[in-house]
Amino acid sequence: MGNGTRIGKVRGLGSAHQGTHHWLLQRFTAAGNLVLVLWLVFSLLLMPGYSYLAMASWLASPFAATAMVLLIISTFWHARLGMQVMLEDYVHGANRFVAILLLNLIFVAAAVFGIVAVIRIALGAV
Amino acid sequence: MADARGGNRYARPRPLSPHLSIWKWGPAMLSSILHRVTGNAMATLGLLILLWMLGAIAAGPQAYAVFAAVMGNPVGIIVLIGISWSFFNHMCSGIRHLVMDVGAGFEVERNNRAAIISIVCGVVLTVAFWLVILLK
């Protein structure tokens, strides 16, 4: 582009056509969270107790294991998107790039850990 | 030549947005900041506790006993109450956001009322949740 001001350069470039992608994913995962976390809330409310056996046999059922894996994917995705918006507001320059990079790495690793734990419970490590 | 604001030294100064200190507090502002605080609390502490619970169950009875002992003591319960309130508050203000996403509820009266209702509902649902758990 030319030698204009920064705002002028941006106007010359136009839209990247990615503006709504993040926003839409935040809404899709919000709908997923609403269903899945309410499932978790009611499951916890309906459980007779919270002993190891009660928790392990609950998560060992295929339905609960599936719901929990979906919950991990939906909540971690939603949380990652939300924390990115927060970081974009409060962290600037090169620090912002590093912060969002770390955010992505940590959330992918943490979500995979959670899914592996659920699979281990569901496949009968108990 | 770039100046401190990142613009061109010879360009007209860009208008700056006034910051937090200048605004008078209102329900919409309170709902907004609570949505952000509760969301980030769940994204960090809430998901960490969820992973700890799942990892402990996967690891076996001894690991789960440590998790249950930490979460069962008064400090752990207070943290869990905070996380559950974060969820119910975030859920209620999130539903309010989905309504506003379709362009509804921007009239000052209705917007403020919905903000207050979402905050009150978050607290009521948290109390109801813990009454069921603790009276079991």
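Residues numbered from 1 in each chain as written. Chains lettered and ligands numbered in written order. Predicted model: local features only at pLDDT ≥ 70, side-chain atom pairs only at ≥ 80, totals over all residues.

Colleague: I'd like a rundown of the overall build of chain A, residues and numbers included.
Modeller: For chain A, the count of helices and strands is 5 helices and 0 strands. The linear arrangement of helices and strands in chain A, starting from the amino end, is α-α-α-α-α. By the compact-globule yardstick of 14 Å for 126 residues, chain A is too spread out, its C-alpha radius of gyration being 20 Å. Dimensions of chain A, computed from the C-alpha atoms along their principal axes, are close to 70 × 25 × 25 Å. Burial status across chain A gives 18% buried among its 126 residues. For chain A, the share of sequence-separated contacts (at least 6 apart) that also reach a separation of at least 24 residues comes to 70%. (Helix = DSSP H or I, 4+ residues; strand = E, 2+ residues; numbered from the N terminus. Rg over C-alpha atoms; globule rule 2.2 N^0.38 Å. Buried ≥ 20, exposed ≤ 12 C-beta atoms within 10 Å, placed from the backbone. Contact = placed C-beta atoms within 7 Å.)

Colleague: Before we move on, could you go through the UniProt feature "transmembrane region" (unreviewed entry) in chain A and cite the residues and values that matter?
Modeller: All names here are of chain A. Mapped onto this numbering, the UniProt entry annotates "transmembrane region" (unreviewed entry) at residues 28-46, 58-77 and 97-123. With 100% helix and 0% strand, the stretch residues 28-46 has end C-alpha atoms that lie 27 Å from each other. With 95% helix and 0% strand, residues 58-77 has its two end C-alpha atoms placed 25 Å apart. (UniProt positions renumbered as here; feature names shortened; annotations may be inferred.)

Colleague: Any details on the UniProt feature "transmembrane region" (unreviewed entry) in chain B? Residues and values, ideally.
Modeller: Residues and elements named next belong to chain B. Here, the residues flagged by UniProt with the feature "transmembrane region" (unreviewed entry) are residues 37-58, 64-88 and 114-135. Across residues 37-58, the secondary structure splits into 100% helix and 0% strand, with the terminal C-alpha atoms separated by 30 Å. For the annotated span residues 64-88, helix accounts for 96% and strand for 0% of the residues, and the straight-line distance between the end C-alpha atoms is 26 Å.

Colleague: Go over the interface of chain B and chain A, please, and point to the residues and values.
Modeller: Contacts between the two partners involve 27 residues from chain B, matched on the other side by 27 residues from chain A. If one sorts the elements of the side of chain B that touches chain A by residue count, helix H1 (residues 27-59) of chain B sits on top with 12 residues. When the residues that make up the side of chain B that touches chain A are grouped by side-chain class, the tally is 18 nonpolar, 7 polar and 2 charged. (Nonpolar A, V, L, I, M, F, W, Y, C, P; charged D, E, K, R; others polar.)

Colleague: Break down helix H5 (residues 93-122) of chain A for me, citing the residues and quoting the values.
Modeller: For H5 of chain A, spanning 30 residues, the distance from its first C-alpha to its last is 44 Å, which sits close to the expected 44 Å at 1.5 Å a residue. Contact partners of the buried residues in H5 of chain A: helix H3 (52-60) and helix H4 (62-90) of chain A together with H1 of chain B. Gly-124 of chain A occupies a position one or two residues after H5 of chain A and carries a positive phi of about 90°. (Expected span 1.5 Å × (residues − 1).)

Colleague: Tell me about the environment of Ser-43 of chain A, residues and numbers included.
Modeller: Residues and elements named next belong to chain A. When you line up the elements, Ser-43 lands in helix H2 (residues 19-46). In this structure Ser-43 comes out as partly exposed when scored by C-beta crowding, with 15 C-beta atoms within 10 Å. Considering only alpha carbons, one finds Ser-43 and Ala-117, 74 residues apart in sequence, at a separation of 19 Å.

Colleague: How would you explain the confidence of the model for chain B if you had to name every residue and give the values?
Modeller: When pLDDT is averaged along chain B, the result is 91; 92% of the residues meet or exceed 70. Taken over the whole predicted complex, pTM reads 0.87, whereas the ipTM for its chain interfaces reads 0.88. (pLDDT = per-residue confidence, 0-100.)

Colleague: Describe the nonpolar core, listing the residues and the values that go with them.
Modeller: Among soluble globular proteins, nonpolar side chains are generally buried collectively. Membership of the largest hydrophobic core comes to 29 residues, with the highest contact counts inside it found for Leu-59, Val-118 and Ile-121 of chain A together with Leu-47, Leu-54 and Ile-57 of chain B. Where this core is concerned, the elements lending two or more residues are H2, H3, H4 and H5 of chain A together with H1, helix H2 (61-72) and helix H3 (74-101) of chain B. Looking at this core, the element that brings in the most residues is H1 of chain B, giving 8 residues. (Core = buried A, V, L, I, M, F, W, Y, C linked by C-beta atoms within 7 Å.)

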